[in-house]
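Coordinates in review
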Amino acid sequence: MAADAARTDTVAAGAPADRGGYARGARVLSIGIASTGVFTFAYFSVASHVLSKESYGAISLLWSILFVAMSVFYRPVEQLLSRSLAQGRGAALRTPLLIQLGFATTFLVAALICRGPLQRGFAHSAALFWVFVVAAVAYAASYFARGFFAGHRRFGLYGLLVLFESLSRFCFPLAVAVGIASGRTAVALGIAAAPLASLLVTPWAYRHRAEHHDSVGLREGGGFALSVAGMQLAEQTLLNAAVLTVSASAGSAMAGVVFSALLICRAPLQLFQSVQTSLLPHLAGGGDARHAVRVTAAVVSGFAGLVALGLLAIGPWAMHVLFGDGYDYARLGLAAIAVGMGFHLTAGTLTQAALAEDKAGRAAVVWLSCGAAFVAWMVAGPLGEVARTEVGYMCAAAVLCTGLWMVVRERLSALRADAVS
């Protein structure tokens, strides 16, 4: 009780500074990550124009599986490291490093065991398989550096890292478009080059040394990382299960169509990393959770509403111009993805509040339940492949947001009562 009271006093006394620090961090990261979102969107847009439907579908599938792998294996350690350093546990590098090495080794072994099915999924291309392996291993170091930067609130370097990553990736389809290179492999090589290029920023990471003595234990850190891994698996399920199920049932060309539609939510979710990355260390360090969640949710709702209106107005035309895949997207379906994106972004905000309050396990249960329900819908639900994706994503995201609100509601209500009293 005394510790809680001391923390409450600290938050109350430092609220303006904390709020300002959170806002500054989000603004700085937004510049780098907004550029990252633009270049990532441009990578797939250009790739869709310079490759056949089948080749574009194979690269879309590679990226989808890769994103699942690195989010599930590596993002948990980024968040563990960020949270631990923000709490003043500066000697906490050893445990996250051991966990990251364990995750990378597990991934490498699993990839080699599953080489046959993976390579068949990548249009029987050995080159695409090795692009997948090299990229996924390189992302282990990249995500560790991200956690270090975020924990020390060095958001400029974090933004520079992800900008280098996306810019280098975009250069490869651009080279094919202007005639310097050609073919599917040349475009795919950008996916492997991106995390390697991002490592050019990491030498600056270890120039900063924090003098703290507390450290996170392997059991505590492992439990936290596994819970976040479950959440990341569920999130990537929402973003990629549709691509995988459609690829299995209708072929890679239709999977590319579904992937293009889901880029409506992928790009904003990537931009939202700037908020998540600055929000977790802010809350873990004693920031005002109620204020941060309220403001972020309001901004997200407004943004999602504007995107939905824009898609209702020009959505089908814009998709044709950007991807030219010959598929006629429905306006209401595209708007449904935008609404789902709003729920998804709000759920991400509530997740950071749960992680800061040591409720990772309960939040993971909500995420995994919604992910499983979405997969069941995609396998057995009615409607066509694209419409099923649009409706299913919106409903799953809405349920997810509601469930996470129930997880953190008690804590946010207590903060409100403290503020009133």
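See above for the structure.
Residues numbered from 1 in each chain as written. Predicted model: local features only at pLDDT ≥ 70, side-chain atom pairs only at ≥ 80, totals over all residues. Heavy atoms only, no water.

1. Quick notes on helix α6 (residues 126-151)
For α6, built from 26 residues, the straight-helix expectation of 38 Å at 1.5 Å per residue is met to within 8% by its first-to-last C-alpha distance of 38 Å. Along α6, the helix axis deviates most sharply at Tyr139, where the bend reaches about 25°. With a side-chain oxygen lying 3.4 Å from the backbone nitrogen of Ala127, the N-terminal cap of α6 falls on Ser125. (Helix = DSSP H or I, 4+ residues; strand = E, 2+ residues; numbered from the N terminus. Expected span 1.5 Å × (residues − 1). Bend = angle between axes of the 7 residues up to and from the residue. Polar contact = N/O pair within 3.5 Å; in protein donor to acceptor, adjacent residues only side chain to side chain.)

2. Quick word on the pattern of salt bridges
Taken as a whole, this structure holds four salt bridges when the rule is applied. We note a salt bridge from Arg83 to Asp358, for which the minimum N-O separation is 2.0 Å. Note that Arg83 is positioned in helix α3 (residues 75-86) and Asp358 in the loop between α12 (331-356) and α13 (360-380), a separation of 275 residues in sequence. Of the residues examined, Arg83 reaches a relative accessible area of 3% and is grouped as buried. (Salt bridge = Lys/Arg side-chain N within 4 Å of Asp/Glu carboxyl O. Buried < 20%, exposed > 50% of the residue type's maximum accessible area, 1.4 Å probe, protein only.)

3. Thoughts on the environment of Met231
Inspection of the secondary structure assignment puts Met231 in helix α9 (residues 218-250). Considering only alpha carbons, one finds Met231 and Val365, 134 residues apart in sequence, at a separation of 8.0 Å. Beyond its immediate stretch of four places on either side in the chain, Met231 contacts Thr351, Leu355, Ala360, Ala363, Ala364 and Trp367. (Contact = heavy atoms within 4.5 Å.)

4. Description of the packing of aromatic side chains
Geometrically, a pair of aromatic rings is defined through the distance of the ring centres and the angle of the planes. Under the definition given, this model contains eleven aromatic pairs. Between Phe107 and Phe132 the ring centres are 5.5 Å apart and the planes differ by 65°, which places this aromatic pair in the edge-to-face class. Separated by 25 residues along the polypeptide, Phe107 in helix α4 (residues 94-113) and Phe132 in helix α6 bring together distant segments of the chain. In this structure, Phe107 and Phe132 share a single accessibility class: buried. Between Phe129 and Trp130 the ring centres are 5.0 Å apart and the planes differ by 75°, which places this aromatic pair in the edge-to-face class. For Trp130, a relative accessible area of 37% corresponds to the partly exposed category. What links up through ring pairs into an aromatic cluster is the set Phe73, Tyr74, Phe103, Phe107, Phe122 and Phe132. Directly above the ring of Tyr143 sits Arg146, whose terminal nitrogen or CZ lies 4.1 Å from the centroid. (Phe/Tyr/Trp six-rings, centres within 6.5 Å; stacked < 30°, edge-to-face > 60°. Lys NZ or Arg CZ within 6 Å of the ring centre and 35° of its normal.)

5. Some points on the side chain of Gln100
By secondary structure assignment, the location of Gln100 is in helix α4. Once you skip the residues sitting within four places of it in the chain, Gln100 turns out to touch Phe73, Tyr74, Val77, Ala140, Tyr143 and Phe144.

6. Overview of the environment of Leu283
The topology assignment puts Leu283 in helix α10 (residues 252-284). Counting along the chain gives 197 residues from Leu283 to Ala86, while the straight-line C-alpha distance between them is 8.7 Å.

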